[in-house]
Amino acid sequence: MKLYHGTNMDIQVIDLTKGLQHKDFGKGFYLTPDKATATRMAKKKARLFGGMPTIITYEMDESVLQSDLNIKIFPEKACAEWFLFIDANRDRKNNSPIHNYDIVVGPIADDGVVLQLGNYHEGIYTPEQAAQLLQDRYLDQQYYFGTEQALHYLHKINSETI
């Protein structure tokens, strides 16, 4: 399976220590099966941090999904469990990892999700209600790789400046 990473420079070797702590699934390396999503991310990173928008293409060995790694796969649409998982990972009061998954697959939290997280924190909606409100939104998918063992199943096949 091809996965794409949108960034502002070519990456020779993935360094998990460079990831940001409070992302959707925690500190790790993120990819998407959708090249258009990776393109948007590459342009955003280049705009924010300089460099050139770059798409790096990886091949994921799908046997990883049947391996003994600890893998969490959320449904493609928003659900309460995913919503609470995103909320816990983005909690800036907590600097410790909230899970020990090697790989997590699920929707990307966009601005609509951020709005519902705010509504949840204000007591307007329960996680179930917030997830239900997000059901009709298409949320791009993401693959999180959080351990060196998981990275062994990724193989870089191309890098292109866009």
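Anything mentioned here points back to the structure above.
Residues numbered from 1 in each chain as written. Predicted model: local features only at pLDDT ≥ 70, side-chain atom pairs only at ≥ 80, totals over all residues. Heavy atoms only, no water.

**Side note on the pattern of salt bridges**
It is possible for side chains bearing opposite charge to pair when their charged atoms get close.
So, step 1. Under the defined criterion, the tally for this structure stands at five salt bridges.
So, step 2. For K156, the salt bridge goes to D10, with nearest N and O atoms at 2.7 Å. Of this pair, K156 sits in strand β7 (residues 154–161) while D10 is found in the loop between β1 (2–7) and β2 (29–31), placing the two residues 146 residues apart along the sequence.
So, step 3. For D10, a relative accessible area of 35% corresponds to the partly exposed category.
So, step 4. A salt bridge links D140 to R40, with the shortest nitrogen-to-oxygen separation between them at 2.6 Å. Here R40 lies in helix α1 (residues 35–49) and D140 lies in the loop between α4 (127–133) and β6 (141–145), a separation of 100 residues in the sequence.
So, step 5. Its relative accessible area of 16% is what places D140 among the buried residues.
So, step 6. Residue R40 is classed as partly exposed on the basis of its relative accessible area of 46%. (Salt bridge = Lys/Arg side-chain N within 4 Å of Asp/Glu carboxyl O. Helix = DSSP H or I, 4+ residues; strand = E, 2+ residues; numbered from the N terminus. Buried < 20%, exposed > 50% of the residue type's maximum accessible area, 1.4 Å probe, protein only.)

**A look at helix α2 (residues 80–90)**
Because an α-helix packs 3.6 residues into every turn, residues spaced three or four apart end up facing the same way.
So, step 1. If you check which residues of α2 are buried, you get A80, W82, F83, F85, I86, D87 and N89.
So, step 2. Looking at the buried positions of α2, the neighbouring elements they touch are β5 (103–107), α3 (111–121) and α4. (Contact = heavy atoms within 4.5 Å.)

**With respect to the pairing of β6**
So, step 1. By the criterion of burial, β6 is predominantly enclosed, with five of the five residues buried.
So, step 2. Side-chain alternation along β6 places Q141, Y143 and F145 on one buried face and Q142 and Y144 on a second face that is also buried.
So, step 3. Pairing of β2 with β6 involves three bridges; the strand directions are antiparallel. Within the sheet, the bridge partner assigned to L31 lies in β6 and is Y143.
So, step 4. Pairing of β5 with β6 involves five bridges; the strand directions are antiparallel. Residue pairing across strands places V104 opposite Y144, the latter belonging to β6. (Pairing = 2+ DSSP bridges.)

These results come straight from atomic positions and should not be treated as a statement about function.
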